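# Fold and contact review
Given next are the chains, with one letter for each unit.
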Amino acid sequence: MDILRPKTFPLSEETILWFEFLLKPNLLTKHLTKVSPDPSATELITQFLSIAPENQNQNELNSPEADSMNKNEGLKYSKKQLALKILALKIAAFMRWDLDVLEKELPLQRQVQLLSDLCSVTAGKAVNLPLSLVHECPIIGPEGSKHSLNFALTLYHRWVLRAQVIRGSAAKSMKPFNVVTGVPDTSPYTMRDDSFINSLEPFTNISIDFLSQVIADPEPFRILTYDSFVALDAHVEGVQQRFDTAVVISKEELKAQIHYDLCLLYLYVQKYELAKQNILLSKENYELLKIEYSKKSSQTFLYCSVDEEQLYGYMLACGVTGEPIGLLQRLNESVFNHYSDIVAILKEDNIAREIPMTQRKILELNVEGFVSMGSPESHTNDQRELELAVVALNAIRHVLDGDDILGSNIAFQKYKPQQIKLLELMLQYGDDQYDDFSLSDRELLKRYFIQTIGVMSNANGIESVLKTYQKIISYQEYEDLKKQKSKDDVQFSGIGVQADWTVCESKMLRLDVGTYERQLITCTHASGVRKMLVKLAGTNPTKPLWSINPSWSIPLSMKQLLVSLQRGFLQDFAYILVGKSRELAAKKDYSAAIALLTCLKSETTRPELANNPLVLKLGKMAAWEGLLIQIQQVLDEWPKKPTDQVQFIRNCKQCLNASTSNDVAPRAKILEHCAAILLNLNDWNSLLTPDKRYPALELSAAIAQAYLDIEKSKGQKKTNREAWDLILQMFINQQGSRRHPSENSMLLQQFFCKLRDPVVISIVLSLLSKLHNILKDETNLDLNAEYMFLWPTNVNNPAIYNLKILDETLNNLLHQSLKYYPNNIPWIKLKGDFEFANGNFEVAMRYYVTALVSGSEFCTIHLQRPLIDDFIVRRMIKCSSNLGCFMQAAILCQFLDETDYGLAFKSVSEKTSSFSDAMDSYYSCIWDPTLLEFIVNWHFKKGEHKRRLQAITYLGQLELNANNNEEIKREAAAARKTRFLRSLARQYML
């Protein structure tokens, strides 16, 4: 005995071999009812059909076994063949002819063979699939059955439609060849299967017609069951099938299934309206079917295999929610159809109140315009009645909402010639829906009509209308109303007819004081303030008048000065004017604010106050506050310059000089604003000798010196340390805190917010960027800005500096600067570098693309240096790769001075799930033939024939010929660069 020979293992006792079912057909029922039968039902069908092939060769038909052939000349199968086919059909019937399972688990060849056998057995003669284009029902043999054949053909024609849909879905999800091994992935369809299904396309309309006839056929539809097929017995001749045991199903079950299959086909061929109609019919019948089976003992459908979740999914795909159409949607459709059924919709809405009142008011105005245009769609009288109907229904809706804005007869005044007709329509619609209104609604309408009728004068017309419509308000109630109106008006005398009642003097004083105080708070002119102060003088000696409004706030230094003044008019007047000026400045009413402070300055120059040093000091403070508001106005309205710029700059210089004198010193905020505005107006020399008590003034002097160094150096690199050392201190971590900035840091950040001049901003941005690069210490994430040569290349002990606060400061300054100069290319690039360094690749890409689009004048001129260089291109490539847009990265490799083929080929070969990186849509943006050749070869390896042909088409364009001169090549590259840039702009900028 050979000990190396592999040993065989006995099969499990529960395993049944296929031929046992042939010998003992009764075993099939027992096997199929198991929880997990082995082999499974579809495996048995495959085995039975593979052993019983479609066609027998002639030698087998002429063999001695021919004596055991079925005596029926129509079915030319041997007894063994027929027995196997009957068993396969019994299993399919046990599965309730569920095409979802059969299509999923059976190969296409076995599906066709099973349907062919079903048609042949039920017809009693051989039927070959696909059927002829000339749609004729196969002739039924002696052992066939008409209703059974009708069932078989229905199943076949359903399969014809579904096979095309499944083939289309499989083609979209089919995986290409494996690039490494060259072995294609397994797929449910082979090339031969695909060719067969293609041959079914001419039969589609025939199948649709047949299924439509089946639905319309009044005859009951019968389905074959497990007992309808009788297995052959080796000892019995001429076994007859029991087609009479077919079960009748309802038309609802049949329609639910067929309309569902038709919907799938129409969605596949993009006939969405037909798909919508069929899915609605399927849903309608499916609901009826659930009701039908809810009354039966078994809840399992006999034939319909529609999944309810998938049904709702296809409804959503067809734009159907399954919910009834709302009144607002019906209203919009009515407007589109020239206001058809508009009255009925508005009447329904008066009950449901779904449509917003604004929409109904817009509708009323549209109808009014529609009528005034004299549209030829309808007669003029009908149009006028339509307009009045809409007005009447809207008036009723207003009343029901509790918004009785028509109580003052606005509608009746507007339509005065037709007011009786309008009243008639309102009462008519009210009576029509009276039973639908709640008791509160009826009461609201009744009160409204009593009020409206009470002010109308045409008694005859009202009486005729009220005799017709008496549900809301009866004719007797109208008569009572007339009697009340006919009584003489009540006569008032004495105090009742006085226009101005007399009250006691104490109350009069309190009312006047309150009125004057309100006027004082609201007035915005100095003369008004003066008048109110005169009237309120002495009304409340216990507290000053400026305290009546807590919202008035003034600088602390000025408040201390005013408190030291003698209590009186000047104190109140000055405090209120300064407080109001600050309020107006906050509201950006700068001219009114400056006018108030100018008036205060004039008040301090009166002759009787000239000898008071406190008043002179108050006048100077008022002048400084006025200058501050002027500076705020210039900063807010930038780049608009001040009207008298020379005098404006002179005042700012005087303010800075006053900080070092023994005279009245302006407060720090005013000095910082003066320094900032002088920087923005490029008055450098006046800033070079700062008061070092104020960090903002020191920084202004350092920035001015840096600019002068740039002018003097004329391209030579010169390090400037003054501004560097000042700003460096901003970002030192505070003791015990690594997150919060110091006080000086916050003051300097506020100072940055006042910068407007591009040169000044660029100098500060370059300093912050340089410091960022040093602290970040990653060359690949460096920021690139102008004037970076001004600053040192290292710092001592970088660990003590707070990079997070630096990033926040830089980002805020960039954001503010781009608000005033949105097309500054270096700043846009710097913003892109900043986002790139922080890992925000999509935002970085947006700014890089924005820079290129702005620099190329919105893609109207060709890209060239210095707008685009290898630095920005490589960062765009990195961004695209990190975003999964590898094809974009490959195309960007062409923008480099020397195309990086290795990186481009690697990018093309990457797999991506990004929908924004559609490979074939970018072929028109490639001008490098080498890259296109690689793509053609790559598609060939992947088995993507269609894309390969598309790439070959672009490769064959004349302008990409390698023998072209350099000018043609440059033009071809420039055109494709522009096309690609526009594509990126659509993706990242819109």
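Further up the page is the structure itself.
Residues numbered from 1 in each chain as written. Predicted model: local features only at pLDDT ≥ 70, side-chain atom pairs only at ≥ 80, totals over all residues. Heavy atoms only, no water.

### Digging into the overall build of the chain
- In terms of regular secondary structure, the chain is built from 43 helices and two strands.
- Looking at the 990 residues of the chain, the share that counts as buried comes to 45%.
- As displayed, the chain offers around 52900 Å² of accessible surface, 52% of which is attributable to carbon and sulfur atoms. (Helix = DSSP H or I, 4+ residues; strand = E, 2+ residues; numbered from the N terminus. Buried < 20%, exposed > 50% of the residue type's maximum accessible area, 1.4 Å probe, protein only. Areas by Shrake-Rupley, 256 points an atom, 1.4 Å probe, with all protein chains shown as cover.)

### Examining the packing of aromatic side chains
- Considering all chains together, one arrives at 23 aromatic pairs under this definition.
- Aromatic side chains Tyr 448 and Phe 449 sit 5.5 Å apart centroid to centroid with 65° between the ring planes, which places their arrangement in the edge-to-face category.
- On the basis of an interplanar angle of 15° and a centroid distance of 4.3 Å, the ring pair of Phe 905 and Phe 934 is categorised as stacked. Linking Phe 905 in helix 40 (residues 901–909) with Phe 934 in helix 41 (residues 929–942), this pair joins segments that are 29 residues apart in sequence.
- Classification of Phe 934 by relative accessible area gives partly exposed; the value is 22%.
- Members of the aromatic cluster, each reached through a chain of ring pairs, are Trp 97, Phe 151, Phe 221, Phe 229, Phe 243 and Tyr 303.
- The aromatic ring of Tyr 434 is capped on one face by Arg 442, whose charged end is 4.4 Å from the ring centroid.
- Cation over ring: Arg 530 sits above Phe 573, and NZ or CZ is 4.8 Å from the ring centre. (Phe/Tyr/Trp six-rings, centres within 6.5 Å; stacked < 30°, edge-to-face > 60°. Lys NZ or Arg CZ within 6 Å of the ring centre and 35° of its normal.)

### Description of the pattern of salt bridges
- Summed over all chains, the structure comprises 29 salt bridges.
- The partner of Arg 875 in a salt bridge is Asp 833, with the nearest N and O atoms 3.2 Å apart. Taken as a pair, Arg 875 in helix 38 (residues 870–882) and Asp 833 in helix 36 (residues 825–837) lie far apart in primary sequence, 42 residues in all. Side by side, Arg 875 and Asp 833 carry an identical accessibility label, which is buried.
- The salt bridge involving Arg 976 is made with Glu 959; its shortest N-O contact spans 2.9 Å. Here Arg 976, found in helix 43 (residues 966–988), pairs with Glu 959, found in the loop between helix 42 (945–955) and helix 43; they are 17 residues apart in sequence, far enough to count as distant.
- Members of the salt-bridge network, linked through shared partners, are Asp 100, Glu 103, Arg 158, Arg 162 and Asp 261. (Salt bridge = Lys/Arg side-chain N within 4 Å of Asp/Glu carboxyl O.)

### Section: the packing of helix 34 (residues 758–776) against helix 35 (residues 803–820)
- Where helix 34 meets helix 35, the closest approach of the two axes is 10 Å, and the angle between their N-to-C directions is 150°. When the interaxial angle is binned, helix 34 and helix 35 end up roughly antiparallel. Crossing of helix 34 over helix 35 shows left-handed handedness. Taken together, the residues of helix 35 that come into contact with helix 34 (itself represented by Ile 761, Val 764, Leu 765, Leu 768, Ser 769, Leu 771, His 772, Leu 775 and Lys 776) are Leu 803, Leu 806, Asp 807, Thr 809, Leu 810, Leu 813, Leu 814 and Ser 817.
- Its residues placed into classes, the contact of helix 34 with helix 35 shows eleven nonpolar, four polar and two charged. (Axes fitted to C-alpha atoms, helices over the stretch in contact; angles between N-to-C directions. Parallel < 35°, antiparallel > 145°, perpendicular 65-115°, else oblique. Left-handed = near helix turned anticlockwise from the far one by under 90°. Contact = heavy atoms within 4.5 Å. Nonpolar A, V, L, I, M, F, W, Y, C, P; charged D, E, K, R; others polar.)

### Structural notes on the environment of Ile 462
- By secondary structure assignment, the location of Ile 462 is in helix 21 (residues 459–468).
- Classification of Ile 462 as buried rests on a relative accessible area of 1%.
- Separated by 13 residues in sequence, Ile 462 and Tyr 475 have C-alpha atoms that sit 9.8 Å apart.
- Residues in contact with Ile 462, not counting those within four places in the same chain, are Ile 420, Leu 423, Ile 453, Met 456 and Tyr 478.

### Focus: empty space enclosed by the protein
- Applying the stated criterion across every chain yields a total of four cavities of 30 Å³ or more.
- A volume near 70 Å³ is recorded for the largest cavity.
- Lining the largest cavity, in full, are Leu 89, Trp 97, Leu 99, Leu 102, Gln 111, Leu 114, Leu 115, Leu 118, Leu 155 and Trp 159.
- Contributions of two or more residues to the lining of the largest cavity are made by helix 6 (99–105), helix 7 (108–123) and helix 8 (146–173). (1 Å grid on protein atoms, 1.4 Å probe; cavity = no way out; pocket = protein on both sides within 12 Å on 5 of 7 lines; lining within 4 Å. Points joined across faces, edges and corners; volume = space filled by probe spheres on them.)

### Re the layout of surface pockets
- What the second largest pocket holds in volume is close to 750 Å³.
- Forming the walls of the second largest pocket are 31 residues, and the residues nearest its centre are Trp 927, Lys 969, Arg 970, Ala 973 and Lys 977.
- For the lining of the second largest pocket, the secondary-structure elements that each account for two or more residues are helix 38, helix 41 and helix 43.
- With nine residues, helix 43 is the single largest residue contributor to the lining of the second largest pocket.
- Along the lines of polarity and charge, the residues of the lining of the second largest pocket split into 13 nonpolar, seven polar and eleven charged.

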